[in-house]
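Breakdown of the fold
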Amino acid sequence: MLEIRDIDVFYGASQALRKISFSADKGRVACVMGRNGVGKTTLMRAVAGQQAVRSGGVFWEGENISKLAPHERARRGIAYVPQGRDVFSQLTVLENLKTGFAVLPRAGRHIPDEVFELFPVLRQMLKRRGGDLSGGQQQQLAIGRALVTRPRLLILDEPTEGIQPSIIKDIQRVIALLRDRGDMAILLVEQYFEFARDLADNYLVMDRGEEVLSGLGADMVEAEVRRYIAV
Ligand SMILES: Nc1ncnc2c1ncn2[C@@H]1O[C@H](COP(=O)(O)OP(=O)(O)OP(=O)(O)O)[C@@H](O)[C@H]1O
Ligand SMILES: [Mg+2]
């Protein structure tokens with residue numbers, strides 16, 4: 001399980017996160033909400049190791065990973081699907097999926113069938129270039145690439161941003177399926193209230209780098225949360 005304890009993050013002199021604490025458990029979805037620029041991505045980057053933490057700590061499966069490099073966290077089962085997806089546009093779908101192999105031991109370097117079961121469109125498009133896929137297909141590819149590493153913590157930063165409603169439903173279904181398997185913690189950034197409410201087991205709402213609300217998904221009060229989100 002993931003535990004974020006009282007972390008402070010700075011960009012130069014400006015403080016992006018103030019004493020943020022949150023947790024994500026296996027078989028559960030932990031959801032981070034808040035308007036543009038409040039620090040959601042900064043928090044994900046701090047967990048993935050792409051952003052240094054000034055104070056406080058990030059603990060994963062009982063270990064303080066705060067000082068570990070991103071690839072060391074990836075080897076410990078943490079996969080990060082960044083906002084905007086970062087699919088390699090010149091590589092084919094298959095080549096994009098294979099970039100996930102880097103963190104695996106040699107014997108584990110194959111693409112699990114489940115990637116194609118969850119996202120059948122990827123099998124049909126294996127030879128297409130990433131850049132030729134629609135936004136929604138690229139998002140599915142980015143999640144598929146993360147699953148190739150067989151993560152125990154899957155970080156999804158606004159997977160529905162700029163994506164057509166039919167694919168949003170597909171992505172929601174896949175997140176629920178992965179959660180229900182029970183072996184993976186999912187840390188999700190989301191701005192759409194309904195999407196977050198349907199999936200969140202626990203949640204954190206941020207404003208200007210600080211926590212303003214948190215609790216169990218089941219106790220989420222729509223009117224309170226909506227004060228701090230855009231959609
Ligand atoms: N590399 C950086 N250098 C300096 N400031 C940054 C950097 N990245 C982000 N910031 C600032 O830190 C704050 C938080 O940004 P962050 O990207 O974490 O917000 P966010 O909640 O993910 O926003 P969005 O909803 O638009 O994705 C913003 O004020 C942003 O301008
Ligand atoms: Mg962001």
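Scroll up a little and you will see the structure.
A brief look at the structure comes next.

Procedures and definitions
Residues numbered from 1 in each chain as written. Chains lettered and ligands numbered in written order. Predicted model: local features only at pLDDT ≥ 70, side-chain atom pairs only at ≥ 80, totals over all residues. Heavy atoms only, no water. Donors = N, O, S within 2.8 Å, 3.2 Å for Na, K, Ca; no water. Helix = DSSP H or I, 4+ residues; strand = E, 2+ residues; numbered from the N terminus. Expected span 1.5 Å × (residues − 1). Contact = heavy atoms within 4.5 Å. 1 Å grid on protein atoms, 1.4 Å probe; cavity = no way out; pocket = protein on both sides within 12 Å on 5 of 7 lines; lining within 4 Å. Points joined across faces, edges and corners; volume = space filled by probe spheres on them. Nonpolar A, V, L, I, M, F, W, Y, C, P; charged D, E, K, R; others polar. Pairing = 2+ DSSP bridges. Buried < 20%, exposed > 50% of the residue type's maximum accessible area, 1.4 Å probe, protein only. Axes fitted to C-alpha atoms, helices over the stretch in contact; angles between N-to-C directions. Parallel < 35°, antiparallel > 145°, perpendicular 65-115°, else oblique. Left-handed = near helix turned anticlockwise from the far one by under 90°. Phe/Tyr/Trp six-rings, centres within 6.5 Å; stacked < 30°, edge-to-face > 60°. Lys NZ or Arg CZ within 6 Å of the ring centre and 35° of its normal.

Some details on the coordination of the magnesium ion (ligand 2)
Coordination sphere of the magnesium ion (ligand 2), protein contribution only: Thr41 (OG1) and Gln83 (OE1), at 2.0 to 2.2 Å. With threonine 41 in helix 1 (residues 40–48) and glutamine 83 in the loop between strand 6 (78–81) and helix 3 (93–98), this pair connects stretches of sequence that are 42 residues apart.

Brief notes about helix 7 (residues 165–181)
The end-to-end C-alpha distance of helix 7, which contains 17 residues, comes to 25 Å, matching closely the 24 Å that a straight helix rising 1.5 Å per residue would cover. Where the residues of helix 7 are buried, they touch strand 3 (29–33), helix 4 (113–118), helix 6 (135–148), strand 7 (153–157), strand 8 (185–189) and helix 8 (193–199).

Re the layout of surface pockets
Computed from the structure, the largest pocket encloses a volume of approximately 540 Å³. The wall of the largest pocket is formed by 21 residues, among which Gln50, Ala74, Ala79, Tyr80 and Val103 lie closest to the centre. If you list the elements that add at least two residues to the lining of the largest pocket, you get helix 2 (70–75), strand 6 and helix 6. Residue composition of the lining of the largest pocket, by class: 13 nonpolar, 5 polar and 3 charged.

Notes on the pairing of strand 4 (residues 55–60)
Here 5 bridges tie strand 1 (residues 2–11) to strand 4, and the two strands are oriented antiparallel to one another. Looking at the pairing, isoleucine 4 lines up with valine 58 of strand 4. Pairing between strand 4 and strand 5 (residues 63–64): 2 bridges, direction antiparallel. Looking at the pairing, tryptophan 60 lines up with glutamate 63 of strand 5.

Things to note about the environment of leucine 104
Positionally, leucine 104 belongs in the loop between helix 3 and helix 4. Classification of leucine 104 as buried rests on a relative accessible area of 11%. Spatially, the C-alpha atom of leucine 104 lies 9.7 Å from that of glycine 77, the residues being 27 residues apart in sequence. Beyond its immediate stretch of four places on either side in the chain, leucine 104 contacts Arg109, Val148, Thr149 and Arg150.

Details of the packing of helix 6 against helix 7
When two helices pack together, their arrangement is given by the angle between the helix axes and the distance between those axes. It is the contact of helix 6 with helix 7, at a shortest axis distance of 10 Å, that shows an interaxial angle of 15 degrees. In terms of orientation, helix 6 lies roughly parallel with respect to helix 7. Relative to helix 7, the crossing made by helix 6 is left-handed. Judged by residue contacts, Gly136, Gln137, Gln139, Gln140, Ile143 and Leu147 of helix 6 engage Ile167, Ile171 and Leu178 from helix 7. Per-class residue counts for the contact of helix 6 with helix 7 are 5 nonpolar, 4 polar and no charged.

Examining the packing of aromatic side chains
To describe a pair of aromatic rings, one takes the distance between the centres and the angle between the planes. Within this structure, the stated rule accounts for 0 aromatic pairs. Its end group placed over the ring of phenylalanine 59, arginine 5 keeps NZ or CZ at 3.9 Å from the ring centre.

Quick notes on the sheet that holds strand 5
Sheet architecture is open: 4 strands sit in the order 2-1-4-5, paired in antiparallel fashion. With one partner strand each, in any of the chains shown, strand 2 (14–24) and strand 5 form the two edges of the open sheet.

Observations concerning the sheet that holds strand 9 (residues 202–207)
An order of 6-7-8-3-9-10 is seen for the 6 strands of this open sheet, with the pairing classed as mixed. Taken across any chain shown, the strands that pair with only one partner, and hence form the sheet edges, are strand 6 and strand 10 (210–216). With strand direction ignored, the average angle separating the axes of adjacent strands in the sheet is 15 degrees. The strands touched by helix 1 are strand 3, strand 6, strand 7, strand 8 and strand 9; relative to strand 7, the strand with the most contacts, the crossing angle is about 155 degrees. Sheet strands touched by helix 7: strand 3, strand 7 and strand 8. Its angle to strand 8, the strand with the most contacts, is close to 150 degrees.

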